[in-house]
Amino acid sequence: MDQDENAEALKAIAAEAFASLVGTKQIPPFSSRPRGLSVDDAYRVTPLVRQMYEAGGAKVLGRKIGFTNRTIWEQYGVYAPIWGYVFDRTVHDLVTVEALPLKPFSQPRIEPEIVFGLEAAPSAQMDETALMSCIAWVALGFEIVQSIYPEWKFSAADTIAANGVHGALLIGPRHPFGPRAAEWQRTLSAFEIDLKCGGRLVDRGRAANVLGGPLSALRHLVGLLATDPINPPLAAGEIVSTGTLTKAMPVASGEVWTAAPSGIALDAIRLRFS
C-alpha cells in the first residue's frame, strides 16, 4: 500500500472509530481485519479523531493515560500504556454531577484515577522531582471508559484508535500541589484505595499499580510524546488522568460508586449512574 492509500485507509478508520464513539455503536476491532492496524498507524489516527471532535465544537482539555495498571495487562492483552484526549464535553467536576447517564457509552466501566492539572509544560529531560514543578493541582477522579469493540476484546492499537477508550472524566476536589510537593511526592507512590458499589467493597488498589505511582505514569506519557512525530507534547493548562488504580469495573444505571483513599490527603469521591 502506497503512502496515499495508507492515508486514505487511516482516514476511514478514524471516521469509523469516531462514529462508533459518538454513536454508541460497537464494531469489529481494526486489528482483526485483513489490513490490520499497528500502534504507529493508530497514533496517526489519533489527530484525525481529535479533528472530528473539534469540528463538532469540542475543545481539548488534556489527556488520559490508559493501561498504566500492570495488574490488568493480562486481562486485556495490552502490555504497555496508551493515551487519548479528554474534551470539555467529557470532563466534569464531580460536585456538579447529580447522576451520570450511561446511555452515551458502550459497555461502560469505572476507574478511580489520580488527575493532575499542569501549570507549565513538562519536558522529557525532567525527573519526577523536576516534573512536580509543572503540576498546579492534584485530585482523585473517576474515568468512565468504554469499548466500541464487543466484549472488551481488542489490541493496543485498537484502543488508541478509539481515543484511549475514553468516555468521561469526573474530577473530585482539587488540591494545590506546590505548597505540599514533598508530601505529595511521598504519598502518591504509597497510598491505597477502596472501590465500592452500594457500600460493598469491589476492589482494593494501590498507587504502585500505576507504573509505580501516578507521577511515574505522567513522566512515562511525557517521554512517549517526546518521541511522537505526529501528536503534540503536553502543554501548560492540560489535565492528565493517570490510569486506573483498581480493576476497571462494569457499571449499571442506579448504582452508586465510591472511592476512598487512605495514606494520602485526597477526598473520597462518589458517583451515581442513571
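Just above, that's the structure.
Everything numeric here is computed off the predicted structure, so don't read it as measured data.

The rules we used
- Residues numbered from 1 in each chain as written.
- Predicted model: local features only at pLDDT ≥ 70, side-chain atom pairs only at ≥ 80, totals over all residues.
- Heavy atoms only, no water.
- Pairing = 2+ DSSP bridges.
- Helix = DSSP H or I, 4+ residues; strand = E, 2+ residues; numbered from the N terminus.
- Axes fitted to C-alpha atoms, helices over the stretch in contact; angles between N-to-C directions.
- Buried < 20%, exposed > 50% of the residue type's maximum accessible area, 1.4 Å probe, protein only.
- Contact = heavy atoms within 4.5 Å.
- Expected span 1.5 Å × (residues − 1).
- Salt bridge = Lys/Arg side-chain N within 4 Å of Asp/Glu carboxyl O.

Quick notes on the sheet that holds strand 12 (residues 256-262)
In sheet architecture, strand pairing relies on hydrogen bonds along the backbone and comes in two forms, parallel and antiparallel.
No. 1: The strand order across the open sheet formed by four strands is 9-8-12-13, and the pairing between neighbours is antiparallel. Edge positions in the sheet fall to strand 9 (200-206) and strand 13 (269-272), since each has one partner strand and no second. Here the strands of the sheet are splayed against their neighbours by 15° on average, with no regard to which way each runs.
No. 2: As judged from the six bridges shared by strand 8 (residues 192-197) and strand 12, these two strands associate in the antiparallel manner. The partner of C197 across the bridge, within strand 12, is W257.

Describing the side chain of Q146
No. 1: As for its position among the elements, Q146 is in the loop between strand 5 (135-145) and helix 5 (156-161).
No. 2: On the basis of relative accessible area, Q146 is assigned to the buried category, the value being 4%.
No. 3: Excluding its chain neighbours within four sequence positions, the residues that come into contact with Q146 are L21, P104, F105, S106, Q107, W152, V165, H166 and G167.

A look at unusual backbone geometry
No. 1: Non-glycine residue T24 carries a positive phi angle of around 50°.
No. 2: Positionally, T24 belongs in the loop between helix 1 (3-23) and helix 2 (39-55).
No. 3: Take T24: its relative accessible area is 31%, and that puts it in the partly exposed class.
No. 4: The residue L211 is not glycine, and still its phi comes out positive at about 55°.
No. 5: The exposure class of L211 is buried, given its relative accessible area of 18%.

A few points about helix 1
No. 1: An ideal rise of 1.5 Å per residue puts 30 Å on 21 residues; helix 1 measures up with 30 Å between its terminal C-alpha atoms.
No. 2: Among the residues of helix 1, A9, L10, I13, A14, A17, F18, S20 and L21 are the ones counted as buried.
No. 3: For helix 1, the secondary structure elements touched by its buried residues are helix 2 and helix 5.
No. 4: T24 sits one or two positions beyond helix 1 and adopts a positive phi of about 50°.

Concerning the pattern of salt bridges
No. 1: Enumeration over the complete set of coordinates arrives at 12 salt bridges.
No. 2: Residue E8 is joined to K11 by a salt bridge in which the shortest nitrogen-to-oxygen separation is 3.5 Å. Note that E8 and K11 are positioned in helix 1 at a spacing of three residues, about one turn of the helix.
No. 3: Among the salt bridges present, the one from R63 reaches E238, with a minimum N-O distance of 2.9 Å. Taken together, the residues span a long stretch of sequence, with R63 in strand 1 (residues 60-66) and E238 in the loop between helix 7 (214-226) and strand 10 (239-244) at a distance of 175 residues. Side by side, R63 and E238 carry an identical accessibility label, which is buried.
No. 4: In this structure, a network of salt bridges that share partners links the residues R35, D41 and R44.

Geometry only, nothing functional implied.
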